[in-house]
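Here is what each chain is made of, one letter per residue.
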Amino acid sequence: MTPPSTLPAQGSSLPSPLDLGGRTALVTGAAGGIGRACALRLAAAGAKVRAVDRDAAGLEELAEQARGLAGAVEPHVLDLTDLDAAELAAAGTDVLVNNAGLQLVRPIEEFPADVFHTVLTVMLEAPFRLIRGALPHMYGQGWGRIVNVSSVHGLRASAFKSAYVAAKHGLEGLSKTAALEGAPHGVTSNCVNPAYVRTPLVEKQIADQATAHGIPEERVLSDVMLQDSAVKRLIEPEEVAEAVAYLCGPHASFVSGTSLVLDGGWTAH
């Protein structure tokens, strides 16, 4: 196996395919949506994927879907609010994809304090603990890839999403700090920042968005979700997974501490 950090020989015109054979990847929120697409993409590249989620049935479906790929998917049922368990789960990880998330759309004055706490725990504190658990192994071998699935909301705010926006902005800072500390050890850390992705998380927002904005549900997609996007469609989970895979490959060894934006032109305004 060609080490993932090795670049092609001079004169090579085509990038080498992603080869994660012999590597262990951990993907959170892996039972569906972006997480499932990432787990399948990394397994296709040969990685042994620890698929972390609290949805046991969804993980079993993922493992069945992954049969026949070059790598393997190992279901790992875990609630990320158990921070100690999250840190332990990341031990020995070569590639860490922090993806798990949740969403609630409410004005700040109506936003439940306990939900705000849970969102920050799952989407910011858990990634910190997972990174903390993965780094000793990554540092020891002189190679590692941390990919944090952020959002366009890590770069821009939207009304009624105080917890989600706060968590994603914090994740951006955590990712950059990990990049600075990891650089001497061959570890990169980056964010991937999609706009609205065709996932259950987005679909479940529609009713809340309609209520918060005072519009019918059928107008949420055009008037809210795609309003600031020049490309008028949702992103597919597989597109996000390809961006994650790129950041794990040999041609991305100099990409660290940045945000790979997949927002259809949202932030071009």
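Residues numbered from 1 in each chain as written. Predicted model: local features only at pLDDT ≥ 70, side-chain atom pairs only at ≥ 80, totals over all residues. Heavy atoms only, no water.

### Comments concerning the pattern of salt bridges
- Tallied over the entire structure, the rule returns 11 salt bridges.
- In this structure, Asp94 engages Arg23 in a salt bridge whose closest nitrogen and oxygen atoms are separated by 4.0 Å. Within this pair, whereas Asp94 is found in the loop between helix H3 (83–89) and strand E4 (95–98), its partner Arg23 is found in the segment before strand E1 (24–28), the two being separated by 71 residues in sequence. Each member of the pair, Asp94 as well as Arg23, carries the same accessibility label: buried.
- Taking the shortest distance from any N to any O, the salt bridge between Glu239 and Arg233 comes out at 2.9 Å.
- Assessed through its relative accessible area of 41%, Arg233 is described here as partly exposed. (Salt bridge = Lys/Arg side-chain N within 4 Å of Asp/Glu carboxyl O. Helix = DSSP H or I, 4+ residues; strand = E, 2+ residues; numbered from the N terminus. Buried < 20%, exposed > 50% of the residue type's maximum accessible area, 1.4 Å probe, protein only.)

### Focus on the packing of aromatic side chains
- Applying the stated criterion across every chain yields a total of 2 aromatic pairs.
- Seen from their ring centres, Tyr196 and Trp266 are 6.1 Å apart, and the 20° between their planes marks the pair as stacked. Of this pair, Tyr196 sits in the loop between strand E6 (187–194) and helix H6 (200–203) while Trp266 sits in the segment after strand E7 (259–262), and the two are 70 residues apart along the sequence.
- A residue is classified by how much of its surface remains accessible, and Trp266, at 7% relative accessible area, is buried. (Phe/Tyr/Trp six-rings, centres within 6.5 Å; stacked < 30°, edge-to-face > 60°.)

### Observations regarding the packing of helix H4 (residues 113–141) against helix H5 (residues 162–182)
- Relative to each other, H4 and H5 sit at 15°, their axes nearing to 8 Å. By the angle between their axes, H4 is roughly parallel relative to H5. In this structure, the crossing between H4 and H5 has a hand that is right-handed. For the pair H4 and H5, the contacting residues are Phe116, Val119, Leu120, Met123, Leu124, Pro127, Phe128, Ile131 and Tyr139 in the first and Ser162, Ala163, Tyr164, Ala166, Ala167, Lys168, Gly170, Leu171, Leu174, Glu181 and Gly182 in the second.
- In terms of residue class, the contact of H4 with H5 is made up of 15 nonpolar, 3 polar and 2 charged. (Axes fitted to C-alpha atoms, helices over the stretch in contact; angles between N-to-C directions. Parallel < 35°, antiparallel > 145°, perpendicular 65-115°, else oblique. Left-handed = near helix turned anticlockwise from the far one by under 90°. Contact = heavy atoms within 4.5 Å. Nonpolar A, V, L, I, M, F, W, Y, C, P; charged D, E, K, R; others polar.)

### Comments concerning the side chain of Asn190
- In this fold, Asn190 is placed in strand E6.
- Among the polar contacts made by the side chain of Asn190, one reaches the main-chain amide nitrogen of Gly257 at a distance of 3.2 Å.
- Every residue in contact with Asn190, bar those within four places of it in the chain, is listed here: Ile146, Val147, Asn148, Ser175, Leu247, Val255, Ser256, Gly257 and Thr258. (Polar contact = N/O pair within 3.5 Å; in protein donor to acceptor, adjacent residues only side chain to side chain.)

### What about the pairing of E6?
- Most of E6 sits out of view: 8 of its 8 residues are buried.
- Alignment of strand E5 (residues 144–149) against E6, held across 6 bridges, turns out to be parallel. Directly across from Arg145, in E6, lies its bridge partner Thr188.
- After leaving E5, the chain enters H5 and then returns to the sheet as E6, a path that is right-handed.
- Examined bridge by bridge, E6 and E7 share 4 bridges and lie parallel to one another. If you follow Val192 over to E7, its bridge partner there is Leu260. (Pairing = 2+ DSSP bridges. Right-handed = clockwise from strand over helix to strand, strands pointing away.)

### With respect to the packing of helix H1 (residues 33–44) against helix H2 (residues 56–65)
- Packing of H1 against H2 brings their axes to within 10 Å, and their N-to-C directions diverge by 30°. Between H1 and H2, the angle is such that the two are roughly parallel. Here the hand of the crossing between H1 and H2 comes out right-handed. Contacts from Arg36, Ala39 and Leu40 in H1 reach Gly58, Glu61, Leu62 and Gln65 in H2.
- Split by residue class, the contact of H1 with H2 holds 3 nonpolar, 2 polar and 2 charged.

### Focus: the environment of Arg50
- Turning to its location among the elements, Arg50 is positioned in strand E2 (residues 48–53).
- For Arg50, a relative accessible area of 19% corresponds to the buried category.
- When the C-alpha positions of Arg50 and Leu96 are compared, they lie 9.5 Å apart, and in sequence the two are 46 residues distant.
- The residues contacting Arg50, other than those within four sequence positions of it, are Thr24, Ala25, Leu26, Val27, Glu74, Ala89, Ala90, Ala91, Gly92 and Thr93.
- Among the polar contacts made by the side chain of Arg50, one reaches the main-chain carbonyl oxygen of Ala91 at a distance of 2.7 Å.

### Structural notes on the sheet that holds E2
- Read across the open sheet, the 7 strands follow the order E3-E2-E1-E4-E5-E6-E7; overall the sheet is parallel. What marks the edges here is a single partner per strand, and that holds for strand E3 (72–77) and E7. Across the sheet, the axes of successive neighbouring strands diverge by a mean angle of 15°, strand direction being ignored.
- In the packing of H2 onto the sheet, contacts are made with E2 and E3, and the angle to E3 comes to roughly 175°.
- Packing against the sheet, H4 makes contact with E1, E4, E5 and E6, and its axis sits at approximately 170° to E4.

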